[in-house]
Amino acid sequence: MSTKQAIQDLIINTTIVDKKYTKYSVEDFTQDTKFINWVTNGTGNKEWEDFIEQNPELSKDIRLASKIVTALRYKKSDLDVGDINEVYKNIEVFYKLHHQSKRKIRLRKLMQYAAVLVLVLAVGAAIPIIYYAGNQVQFSETPISLTEVRDSKLITSGGREILLKGTKSDIALNSTGKQLKIDRDSIVELDSKADQMAELVVPYGKRSNIQLSDGTKVWLNAGSKLVFPQKFSGKNRKVFLKGEGYFEVAKNKDLPFIVSANQMDIRVHGTRFNVNNFDTEKDIEVVLVEGEVGLKENNLMSLFSKEIKLIPNQKAVYDKLTNKTVVESNVDASYYISWTKGLLEFNKESILFVFERLSRYYNVRFVTDDHVELYRNVSGKIDLKESLEAVMKVISDAAPISFRISENQVFVNQKIQALPKR
């Protein structure tokens, strides 16, 4: 071998055996250009084989990443984005690294993950299966209509339901995840293992606060659901949110906190932010109050997309239809979290926007006359601790409407202007 060739090989190997590769996860490999070129085109094959030989502890992750890259390459043209998102909402695979003494178990689990991937490919929808060290569970949302449930409830993985009475409930898990305190006076013992998930369901007309086992505090707005491990384990702290939640994340630089909101993942270490992710709305909104968060799509294209970073008083708006994210700066973060203090603020928002919010807060249905200017903008602040009738009187003073409340329906008409005197 010539000296020139030896130097070239040394340069290539030095690039491949860079420290960053030894710290890569499965997801990192699937997003690395050199790795993708190797899997799809065989580029640098000798160097990658040498790298695997020198780092045998990474061989499992590399094999899994190779399967995902290969699947995406051959199936991408057959995919329907709607199908991908639907499948992703119902499948979340977590895997846990075991010690060398459990190698047989580890290999058997590896085959299970491969089988899941093959099954997805067989139905024509390759999805980016996100691998996280942590709980080995499949997340599935409990099919509950939030307009029909009367009380908030906590549902454990075994199906046990713990009712939370009152308009607003405060609950807290202890550090072991085995004990639940309700409204500071009631203690409930839970059967908790590291991989058990629980679901907090907050129907329309209710609100709830929860402290998770790591100390993170979450405020859940009316019409929301939060799925979370009773005790966090593994290399991250991941929860699933539908609806609106305000998070004050307990700081832990070694365990990032991840909020999965349908097509979007929000990753943090310790910060305060608000997430709005209602199925009935076309956008996912994230507003940062303090610290820093990283946003990334968790659908097919997330393997190739960059993480979006937010700083305080920035708002990210993700369009679920176009998969586009727009970041707004210099927003008033306090405006977006006023609901946590029992207030509803609106600044040049449509009457329709206000009615939609009130519909969730008070669990009522608005029936409007055709003449009501639903897109007319109004501004103001409402104390949600007041009765619905008191709130509607405030709105009728700010907008040209009249109203009548009958049970759980609010009938709204255009206000008749008084005729001028002759």
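Each residue is numbered by its place in its chain's sequence as written, counting from 1. Reporting in this predicted model follows two pLDDT cut-offs: at least 70 for local features of residues, and 80 or more for side-chain atom pairs to be given and counted; totals over whole chains, interfaces and linings ignore these cut-offs and use all residues. Hydrogen atoms and water are omitted, and side-chain values are computed over all heavy atoms in the structure.

Caption draft 1: Seen up close, the sheet that holds strand E20 (residues 365-368). Any two strands with at least two DSSP-identified bridges between them are counted as paired. Only runs of H or I of at least four residues qualify as helices and only runs of E of at least two qualify as strands under DSSP, and these elements are numbered from the N terminus. The strand order across the open sheet formed by three strands is E20-E23-E22, and the pairing between neighbours is mixed. At either margin of the open sheet sits one strand with a lone partner, and together these are E20 and strand E22 (401-406). With direction set aside, neighbouring strand axes in the sheet form an average angle of 25°. Note on contacts: a residue pair qualifies if any of its non-hydrogen atoms lie within 4.5 Å across the two residues. Here an axis means a line fitted to C-alpha atoms, over the contact stretch when the element is a helix, while the angle between two N-to-C directions is reported on a 0 to 180 degree scale. Helix H10 (residues 351-362) contacts E20, E22 and strand E23 (409-414) of the sheet and is inclined by roughly 145° relative to E20. Where helix H11 (residues 388-398) meets the sheet, it contacts E20, E22 and E23, and its direction lies at approximately 170° from that of E22.

Caption draft 2: Main features of the packing of helix H4 (residues 33-41) against helix H5 (residues 45-54). The N-to-C vectors of H4 and H5 enclose an angle of 110°; their axes lie 10 Å apart at closest approach. Classified by the angle between their axes, H4 and H5 sit roughly perpendicular to one another. Seen from H4, the contacting residues are Lys34, Phe35 and Trp38; seen from H5, they are Asn45, Trp48 and Ile52. Looking at the contact of H4 with H5, its residues break down into four nonpolar, one polar and one charged. Put simply, angles under 35 degrees are roughly parallel, angles over 145 are roughly antiparallel, angles from 65 to 115 are roughly perpendicular, and the rest are oblique. Basically, the charged four are Asp, Glu, Lys and Arg, the nonpolar ten are Ala, Val, Leu, Ile, Met, Phe, Trp, Tyr, Cys and Pro, and anything else, Gly included, counts as polar.

Caption draft 3: Up close: the side chain of Lys242. Tracing the backbone through its elements, the reader meets Lys242 in strand E10 (residues 237-248). Of the residues examined, Lys242 reaches a relative accessible area of 18% and is grouped as buried. Within the structure, the side chain of Lys242 is placed 3.4 Å from the side chain of Asp279, a separation counted as a polar contact. For each residue, the accessible area found with a 1.4 Å probe, counting protein chains only, is set against the maximum for its type, and the residue is called buried under 20%, exposed over 50%, and partly exposed in between. Polar contact is defined as a pair of N or O atoms within 3.5 Å, subject to the rule that within protein one atom must be able to donate a hydrogen and the other to accept it, and that residues adjacent in sequence are counted only when both atoms are side-chain atoms.

Caption draft 4: Summary view of the nonpolar core. We define the nonpolar core as a collection of buried residues of types Ala, Val, Leu, Ile, Met, Phe, Trp, Tyr and Cys that are connected through side-chain atoms lying within 4.5 Å of one another. Membership of the largest hydrophobic core comes to 39 residues, with the highest contact counts inside it found for Phe228, Phe247, Ile266 and Phe273. Discounting chain neighbours no more than four positions away, the residues touching Phe228 are Leu154, Leu173, Gln196, Met197, Ala198, Glu199, Leu200, Ile210, Leu212 and Val239. With 33 residues, the next largest nonpolar core counts Ala333, Leu344, Phe346 and Tyr362 among its residues.

Caption draft 5: Spotlight on the packing of aromatic side chains. Aromatic rings from Phe, Tyr and Trp, with only the six-membered ring used for Trp, were paired whenever their centres fell within 6.5 Å, and each pair was classed as stacked if the ring planes differed by under 30 degrees, edge-to-face if by over 60, and tilted otherwise. The tally for this structure, following the rule as stated, stands at 16 aromatic pairs. Ring geometry for Tyr21 versus Phe51: centroids 6.2 Å apart, planes at 70°, classification edge-to-face. Here Phe51 lies in helix H5 and Tyr21 lies in helix H2 (residues 19-22), a separation of 30 residues in the sequence. Residue class for Tyr21 comes out buried when judged on its relative accessible area of 1%. Judged by relative accessible area, which is 0%, Phe51 ranks as buried. Measuring from centroid to centroid gives 5.5 Å for Phe35 and Trp48, while their planes differ by 80°, and the two rings are edge-to-face.

Caption draft 6: Fine view of the pattern of salt bridges. The term salt bridge refers to a pairing of a side-chain nitrogen on Lys or Arg with a carboxyl oxygen on Asp or Glu at a separation within 4 Å. Counted according to the given criterion, the structure contains 22 salt bridges. Of the charged contacts in the structure, one is a salt bridge between Lys153 and Glu161, with a shortest N-O distance of 3.1 Å. We note a salt bridge from Arg357 to Glu281, for which the minimum N-O separation is 3.3 Å. Here Arg357 is found in helix H10, whereas its partner Glu281 is found in the loop between strand E13 (272-277) and strand E14 (283-290), with 76 residues between them in sequence. What you see here is one network of salt bridges that share partners, running through Glu281, Glu356, Arg357 and Arg360.

Caption draft 7: H5, seen in detail. Of all the residues in H5, the buried ones are Glu47, Trp48, Asp50 and Phe51. What you see down the axis of H5 is that its buried residues fit within an arc of 160°, all on one side. This arc corresponds to the set of directions leading from the helix axis out to the C-beta atoms.

Caption draft 8: Expanded view of H11. Along H11, the residues classified as buried are Leu388, Val391, Met392, Ile395 and Ser396. In an axial view of H11, the angular spread of the buried residues amounts to 140°, which keeps them on one side of the axis. In this structure, the buried side of H11 is in contact with H10, E20, strand E21 (377-383), E22 and E23.

Caption draft 9: Inspection of the environment of Thr322 at higher detail. When you line up the elements, Thr322 lands in the loop between strand E17 (315-319) and strand E18 (324-328). Classification of Thr322 by relative accessible area gives partly exposed; the value is 43%. Through-space distance from the C-alpha of Thr322 to that of Asp283 is 9.9 Å; in sequence the pair is 39 residues apart.

Caption draft 10: Local environment of the pairing of strand E8 (residues 217-220). Pairing between strand E7 (residues 207-211) and E8: four bridges, direction antiparallel. Bridge assignment links Gln211 to a residue of E8, and that residue is Lys217. Connecting the antiparallel pair E7 and E8 is a turn made up of five residues, with Gly215 showing a positive phi of about 100°. Examined bridge by bridge, E8 and E10 share four bridges and lie antiparallel to one another. Bridge pairing in E10 places Lys217 opposite Glu248.

Caption draft 11: Representation of unusual backbone geometry in the model. The backbone of Asn313 sits at a positive phi, close to 65°, despite the residue not being glycine. Within the secondary structure layout, Asn313 lies in the loop between strand E16 (308-310) and E17. A residue is classified by how much of its surface remains accessible, and Asn313, at 33% relative accessible area, is partly exposed. With phi around 60°, Asn323 is a residue other than glycine that occupies positive phi space. Relative to the helices and strands, Asn323 is located in the loop between E17 and E18.

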